[in-house]
Structures are given as structure tokens and as C-alpha cells.
Amino acid sequence: MDKKDHDRDLGLIRELATLFRDQDLSEMEYRRSYPDESHLKVRFVRNAGANPVPDSAPVVSHVEARTVSGSDSASITGEPGESDESHEQHPGLITSPMVGTAYLQAEPGAPPFVSAGDEVQQGQTLLIIEAMKTMNFIPSPKSGRVGRVFVENASPVEFGAPLMIIE
């Protein structure tokens, strides 16, 4: 998927969110497949206030992680007192493909998927981002060494937030 498709998808997601809100829908889902076999799935669900949607087992999906250049990335913040420029231009920067909660381990008490200094293979799970009760496994877009992890376990992440660097 190229940057042009990504920009179109962001516009489409905004339009879908507006439609969802304006039409006061309770649920809406959109799916799209790309020629390179990657996929986009957007799902909106509104809680019914007094009658919330019953909890169920989380849905599991795989999301394509990608490295970004500084021009592709959204506003990126780093460690306190650290300049944004120190990592936003790094060619191995992995950013969050969605808003959600980042989990560095499969379950409480389990070892982390990866830690700084670990060697990883392309496709290996780096972390999970939970979004709307869906567990999205974020795979490494390339092989290399984990240079730095920017998120803590069970911490909220925004779209475009730095997750880690693969060198």
C-alpha cells in the first residue's frame, strides 16, 4: 500500500466516522483489500449506555506494521527531555497503525514479545494493540534488532505514535 492509498484511507475513515455519528448508527463495519494482499478493516460500535454490549472474547486480527519516514509520520513524542528529531527520522521507526492500548506481552505474567536488543525476524509479533475489543498483533515489517521500545505495557497509544525502532 503506498502513501496515496494510506492518505485516501484516512480520509475515508474520517468520512465513515462522520456518517456513523450523524446517522446515529449503533454499529458499522468497512473492509477493503489491496492488491498487495494487505487489508483495511474499520469497525465502529456504539455502547448503548444503560444496556452496554455484553463482553465477549476479544477478536484477534493481524495488522500490517510499517516503517515510516519523518515526512510520513504524525506528530511524534519521545522520552521526557528528548528531542523529537532524535528518532522520528530513523528509517526503522515503527509507528502505531491505530488508536488503542499497547500490550508488550501476550498475557499478564508472560514474557514480553520483544525487548530492546532482541533480534527479530520479519513477521514476528512485536506487540499487541487492543482496539474496540479486538487484539491486533503487530508484526515486524523487517528483520533486525530491536533498538528501542517507546511504549510501556498496557499503555494507550495514538495513531502514528512511535512504538519501537528496528535497526
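Read on for a plain summary of the structure. This structure is a prediction, so every number in the text was calculated from the model and none was measured. (Residues numbered from 1 in each chain as written. Predicted model: local features only at pLDDT ≥ 70, side-chain atom pairs only at ≥ 80, totals over all residues. Heavy atoms only, no water.)

## Some thoughts on the pattern of salt bridges
- Summed over the entire model, instances satisfying the criterion amount to two salt bridges.
- With a shortest N-O distance of 2.7 Å, Arg 31 and Glu 29 are connected by a salt bridge.
- Under the relative-accessibility criterion, Glu 29 is labelled partly exposed at 38%.
- With a shortest N-O distance of 2.3 Å, Arg 145 and Glu 167 are connected by a salt bridge. With Arg 145 in strand E9 (residues 144-149) and Glu 167 in the segment after strand E11 (162-166), the pair connects residues that are 22 residues apart, well separated along the chain.
- You can call Glu 167 partly exposed: its relative accessible area is 44%. (Salt bridge = Lys/Arg side-chain N within 4 Å of Asp/Glu carboxyl O. Buried < 20%, exposed > 50% of the residue type's maximum accessible area, 1.4 Å probe, protein only. Helix = DSSP H or I, 4+ residues; strand = E, 2+ residues; numbered from the N terminus.)

## Focus on the sheet that holds strand E4 (residues 93-95)
- The four strands lie next to each other as E4-E11-E9-E6, forming an open sheet whose pairing is antiparallel. Both edges of this open sheet fall to E4 and strand E6 (119-120), since each of them pairs with a single strand only.
- As paired elements, E4 and E11 share three bridges and run antiparallel to each other. Bridging from a neighbouring strand, Thr 95 pairs with Pro 162 of E11. (Pairing = 2+ DSSP bridges.)

## Structural notes on the pairing of strand E1 (residues 27-33)
- Where E1 and strand E2 (residues 39-45) come together, seven bridges link them in antiparallel fashion. Bridging across to E2, Ser 33 finds its partner in His 39.
- In textbook terms, the turn of a hairpin is the stretch between consecutive antiparallel strands, and for E1 and E2 this stretch comprises five residues, one of which, Glu 37, has a positive phi near 75°.

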